[in-house]
Amino acid sequence: MSRMRAVQIPHPEGPFELVEREIPEPGAGSVRIRVEACGICHSDSFAKEGLWPGIQYPRVPGHEVAGIIDALGPGVVGWKTGQRVGVGWHGGHCGYCDSCSRSDFVTCQIAPQIPGFTYDGGYADYMVAPAGALALIPEALSAVEAGPLMCAGITTYNALRNSGARPGDVVAVLGVGGLGHLGVQFAAKMGFKTVAIARGQDKEPLARQLGAWHYIDSQAQDAAAELTTLGGARVILATVTSGKAMSAVVGGLSINGKLIVIGAAGDPLELSPALLISGRRSIVGWPSGTSIDSQDTLSFSALTGVRSMNEIFPLERVTEAYERMMSGKARFRAVLTTGQPAA
Ligand SMILES: [Zn+2]
Ligand SMILES: [Zn+2]
């Protein structure tokens, strides 16, 4: 019997357990992926802590997956074994709800699928995913490079490219961390006058190296006033996990400016309604994207040199890698590798 290693969460708030399992067989419409790398995302904590509605245990987390198609289930067309693919946050959809009928698969109302939540994800040697959730990985990207682009990458890239900002516009990225260090790179490569906002001076050299045209130290400066001096931001991409920090920059939006929230903050946003009314400013959220958006993210990154900065850990060291990510000390994404040989 063929066995594989998998890291499971046995119950809410339980420890990571490295276990042996049978290698899964792909069902109709699904493929089996031999996992090479899987990024650890802050959202994995929802699975770890039992905060995801309806999640069943034991559960293998992981939705920043990169690997190789190893087997096809019945009825899969358009994919073949040996292809290098990624799977991200959007791991499938029902296909018939109102959202899906409007081709808005990310907001599927009936059966939105997320690897590591609704089915087992990529903290394992193998996983099974619906063929419709796959993104092709370009040759220029390694599995470790591709993994974090499947959630952190697509979310920042897709939010920015759909933001309405045009080349030359001032676009600020609030936070230079796991999401923000990618956001700064994407914004710069898209031709925006990219402003990085972070606490303290120590991130300025890195932000500039990632392509920031201007840096604001939010501890020493009033970020909203500083942005206003620059003409106001057409878009502020809020990648931090603090509603208070997000609220503090809204005043730096230009007329028609938009705060795009992608950091899952725990505390509420608080701001003056007049600020929104007077300049037609708005606040919106953005939820990743579909498999083709992921494929676009990978392809844009391969083309322009956008890369996640990663700390790499073998699967066995998952607990250490996870704690490093949760502590905020990882520079900037933690990625698990299986040691599986390339095809
Ligand atoms: Zn994620
Ligand atoms: Zn649906």
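Quick note: structure is the one above.
A quick note: this is a predicted structure, and the numbers were derived from the prediction, not measured.

S.K.: Report on the sheet that holds strand β13 (residues 282–285), specifying residues and quantitative values.
M.R.: Across the sheet, 6 strands lie side by side as β10-β9-β8-β11-β12-β13; this open sheet has parallel pairing. Pairing within the sheet leaves two strands with one partner each, and these edge strands are β10 (214–217) and β13. In this sheet, adjacent strand axes meet at a mean angle of 20° when their direction is disregarded.

S.K.: Explain the coordination of the zinc ion (ligand 2) to me, and be specific about the residues and the numbers.
M.R.: Surrounding the zinc ion (ligand 2) are the protein donor atoms C94 (SG), C97 (SG), C100 (SG) and C108 (SG), at 2.3 to 2.4 Å. Classification of the site at the zinc ion (ligand 2) as tetrahedral follows from its 4 donor atoms and the range of 106 to 118° in their angles at the metal. Mapping the donors of the zinc ion (ligand 2) onto the primary sequence yields the spacing C-x2-C-x2-C-x7-C. With C97 in the loop between β5 (84–87) and α2 (98–101) and C108 in the loop between α2 and β6 (126–130), this pair connects stretches of sequence that are 11 residues apart. Relative accessible area serves as the criterion here: at 6%, C108 is assigned to the buried category.

S.K.: Explain unusual backbone geometry to me, and be specific about the residues and the numbers.
M.R.: As a rule of thumb, non-glycine residues mostly have phi less than zero, and peptide bonds are mostly trans rather than cis. Cis geometry marks the peptide bond from Y57 to P58, where omega comes out at -5°. Position of P58 relative to the elements: it lies in the loop between α1 (44–48) and β4 (65–72). F332 follows R331 through a cis peptide bond whose omega is -10°. On the secondary structure map, F332 appears in the loop between α10 (318–326) and β15 (333–337). Here the phi dihedral of E13 falls at roughly 65°; this positive angle occurs in a residue that is not glycine. In the Ramachandran plot, S288 falls in the positive-phi region, its phi being about 40° despite a non-glycine side chain. Relative to the assigned elements, S288 resides in the loop between β13 and α9 (291–304). For S288, a relative accessible area of 4% puts it in the buried group.

S.K.: Tell me about the environment of I114, residues and numbers included.
M.R.: When you line up the elements, I114 lands in the loop between α2 and β6. Each C-alpha atom, one on I114 and one on K329, is 26 Å from the other, the two residues being 215 residues apart in sequence.

S.K.: I'd like a description of helix α4 (residues 180–189), backed by residues and values.
M.R.: Residues three or four positions apart in an α-helix share a direction because the helix packs 3.6 residues into each turn. Burial within α4 is extensive, with 8 of its 10 residues counted as buried. The complete set of buried residues in α4 reads G180, H181, L182, G183, V184, Q185, F186 and A187. G191 occupies a position one or two residues after α4 and carries a positive phi of about 90°.

S.K.: Give a description of the coordination of the zinc ion (ligand 1) that names residues and reports values.
M.R.: Protein coordination of the zinc ion (ligand 1) is provided by C41 (SG), H63 (NE2) and C151 (SG), with donor distances spanning 2.0 to 2.2 Å. Look at where the donors of the zinc ion (ligand 1) fall in the sequence and you get C-x21-H-x87-C. Here C151 lies in helix α3 (residues 143–161) and C41 lies in the loop between β3 (30–40) and α1, a separation of 110 residues in the sequence. Among the residues examined, C41 registers a relative accessible area of 6% and is labelled buried.

S.K.: Give me the lowdown on the nonpolar core, citing residues and values where you can.
M.R.: Ranked by internal contacts, the top residues of the largest apolar core, which has 42 residues, are I33, I40, V87, Y123, L134 and L336. Mapped onto this core, the elements with two or more residues apiece are β1 (3–8), β3, β4, β5, β6, α10 and β15. It is β3 that provides the largest number of residues to this core, a total of 5 residues. Not counting residues within four places of it along the chain, the set of residues in contact with L134 comprises V31, I33, I69, W79, V85, G86, V87, S291 and Q295. Listed in part, the 41 residues of the second largest apolar core include A152, L160, L206 and V335.

S.K.: Explain the environment of P112 residue by residue, including any values.
M.R.: Following the sequence through the fold, P112 ends up in the loop between α2 and β6. For the pair P112 and C100, spaced 12 residues apart in sequence, the C-alpha separation works out to 9.9 Å. Non-local contacts of P112, meaning those with residues more than four positions away in its chain, are made with G92 and T118.

Scoring rules and cut-offs
Residues numbered from 1 in each chain as written. Chains lettered and ligands numbered in written order. Predicted model: local features only at pLDDT ≥ 70, side-chain atom pairs only at ≥ 80, totals over all residues. Heavy atoms only, no water. Pairing = 2+ DSSP bridges. Helix = DSSP H or I, 4+ residues; strand = E, 2+ residues; numbered from the N terminus. Axes fitted to C-alpha atoms, helices over the stretch in contact; angles between N-to-C directions. Donors = N, O, S within 2.8 Å, 3.2 Å for Na, K, Ca; no water. Tetrahedral: all angles 85-135°; square planar, octahedral: opposite > 155°, others 65-115°. Buried < 20%, exposed > 50% of the residue type's maximum accessible area, 1.4 Å probe, protein only. Core = buried A, V, L, I, M, F, W, Y, C linked by side-chain atoms within 4.5 Å. Contact = heavy atoms within 4.5 Å.

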